[in-house]
Number of protein chains: 2
Amino acid sequence: MGQIKKTSTNYENRQILDSECDEIYAANLIGGRWTIAICCYLADGKLRFSQLRKRMPNITERMLTLHLRKMEANRLVKRTVYAEVPPRVEYELTESGQQLMPILDQLRSWGRKHKQKTQTYS
Amino acid sequence: MGQIKKTSTNYENRQILDSECDEIYAANLIGGRWTIAICCYLADGKLRFSQLRKRMPNITERMLTLHLRKMEANRLVKRTVYAEVPPRVEYELTESGQQLMPILDQLRSWGRKHKQKTQTYS
DNA sequence: TGTGGTACTAACAAAAATGTAAGTATGGGA
DNA sequence: TCCCATACTTACATTTTTGTTAGTACCACA
């Protein structure tokens, strides 16, 4: 998000890992602060910008916009604009986005187990 | 990595998402630049610090140290120090870390498919 | 004429992650 | 005595991500 400097070591390293490891590439696509949350809310169907915002009280409009734009560029979500006033914009998961859901389910159950374990031991 | 400020909105938002969504919690654990790569190299067994470094020519010692420390704190890897000179330190995946591997496999195949698709269409 | 709702954008600030360069302790061997 | 290897640490700089605040266009409706 924001500007990226294409001559930095940081950027280079990301490119290399992204191109060599498909799992890192995938992790980077879902890695933004709000990305997974948005996916989960869209899993049940289309939502308007304002509906997403209501479901995530802590996100700012700017962050929601940035994440949705990035997710659109990464083809995780599809954006549909209706020529109405006031404007109406709907977001929905692409097929790729939907195929991510079972993996997120597995991450969830791994995370739940792991959280319990670490809370027990520490 | 480095310092975190526990009174920032940024930190708060992460905490809220982490505690509410186990899949976001999990994603944050594997989200560092080099974390997944380290997991993959350790999947085949123990490795010393220097062996990891050789397998990842682009990582700096500082980044490798930070990631390993964070992964140790998050109980993804176990660190064993041998009282020798010169020092010998071995890293290996914990049980939790190993249980992550099938999920990384799925991420990899999703990522590969997704990469092909987006390259085809754009 | 003025207000309202929607989905944004822009300018800026703060925090977090990543990278650079140099230095540390240890004891064994030349 | 000096150099070597290992696994770090420290101080700093840069890049990236996230958050804050204040705006914008549009037209319907009162």
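Note that this is a predicted model, so its numbers are computed, not measured. (Residues numbered from 1 in each chain as written. Chains lettered and ligands numbered in written order. Predicted model: local features only at pLDDT ≥ 70, side-chain atom pairs only at ≥ 80, totals over all residues. Heavy atoms only, no water.)

Caption draft 1: Fine view of the protein's contact with DNA strand C. Around DNA strand C sit 33 residues in total, of which Asn13(A), Glu61(A), Arg79(A), Met1(B) and Lys5(B) are the nearest. In DNA strand C, the atoms that sit within 4 Å of the protein are 69% sugar and phosphate, with bases accounting for the remainder. Here Pro87(A) contributes a backbone N or O atom positioned 2.9 Å from a sugar or linking oxygen of DNA strand C. Arg33(B) is positioned with one of its backbone polar atoms (N or O) 2.9 Å from a phosphate oxygen of DNA strand C. Among the secondary structure elements, those contributing two or more residues to the surface near DNA strand C are α1 (9–20), α4 (49–55), α5 (61–73) and β3 (88–93) of chain A together with α1 (9–20) and α5 (61–73) of chain B. Top contributing element to the surface near DNA strand C by residue count: α5(A), with four residues. Classifying every residue of the surface near DNA strand C gives twelve nonpolar, eleven polar and ten charged. (Near = heavy atom within 4 Å. Polar contact = N/O pair within 3.5 Å; in protein donor to acceptor, adjacent residues only side chain to side chain. Helix = DSSP H or I, 4+ residues; strand = E, 2+ residues; numbered from the N terminus. Nonpolar A, V, L, I, M, F, W, Y, C, P; charged D, E, K, R; others polar.)

Caption draft 2: The arrangement of α5(B) in detail. Residue and element names in this part refer to chain B. Between its first and last C-alpha, α5 extends 18 Å over 13 residues, near the 18 Å set by a 1.5 Å rise per residue. Taken together, the buried positions of α5 are occupied by Leu64, His67, Leu68 and Met71. Projected down its long axis, α5 shows its buried positions confined to an angular sector of 100 degrees, all on one face. Residues of α5 that are exposed and point more than 90 degrees away from the buried face comprise Arg62 and Ala73. Looking at the buried residues of α5, the elements they touch are α3 (35–42), α4 (49–55), β2 (77–82) and β3 (88–93). (Expected span 1.5 Å × (residues − 1). Buried < 20%, exposed > 50% of the residue type's maximum accessible area, 1.4 Å probe, protein only. Arc of directions from axis to C-beta. Contact = heavy atoms within 4.5 Å.)

Caption draft 3: Seen up close, unusual backbone geometry. Residues and elements named next belong to chain A. In this structure, the amide linkage connecting valine 85 to the following residue, proline 86, adopts the cis form with an omega of -5 degrees. Along the chain, the position of proline 86 falls in the loop between β2 (77–82) and β3. Positioned with a positive phi, arginine 75 is a non-glycine residue whose angle comes to about 60 degrees. Inspection of the secondary structure assignment puts arginine 75 in the loop between α5 and β2. A residue is classified by how much of its surface remains accessible, and arginine 75, at 34% relative accessible area, is partly exposed.

Caption draft 4: Structural view of the environment of Met1(B). Residues and elements named next belong to chain B. Among the secondary structure elements, methionine 1 is positioned in the segment before α1. Counting along the chain gives 15 residues from methionine 1 to isoleucine 16, while the straight-line C-alpha distance between them is 19 Å. Excluding residues that lie within four positions of it along the chain, methionine 1 makes contacts with Leu66, His67 and Lys70.

Caption draft 5: Highlighting the interface of chain A and chain B. Listed per partner, the contact involves 40 residues of chain A and 40 residues of chain B. In this assembly, chain A packs against chain B so that about 4100 Å² is buried in total across both faces, 59% of it on carbon and sulfur atoms. Among the residues of chain A in contact with chain B, Glu23(A), Arg33(A) and Trp110(A) are the three that bury the most area, contributing 19% of the side total. Summed over the shared surface of chain A and chain B, the result is four salt bridges. In this structure, the salt-bridge partner of Arg108(B) is Glu23(A), at a minimum N-O distance of 2.9 Å. In this assembly, chain A and chain B are joined by 17 residue pairs in polar contact (both at pLDDT 80 or more). The set of elements that each furnish at least two residues to the side of chain A that touches chain B consists of α1, α2 (22–29), α3 (35–42) and α6 (95–121) of chain A. When residues in the side of chain A that touches chain B are grouped by element, the largest group, 16 residues, is from α6(A). (Buried area = accessible area lost by both parts, 1.4 Å probe. Salt bridge = Lys/Arg side-chain N within 4 Å of Asp/Glu carboxyl O.)

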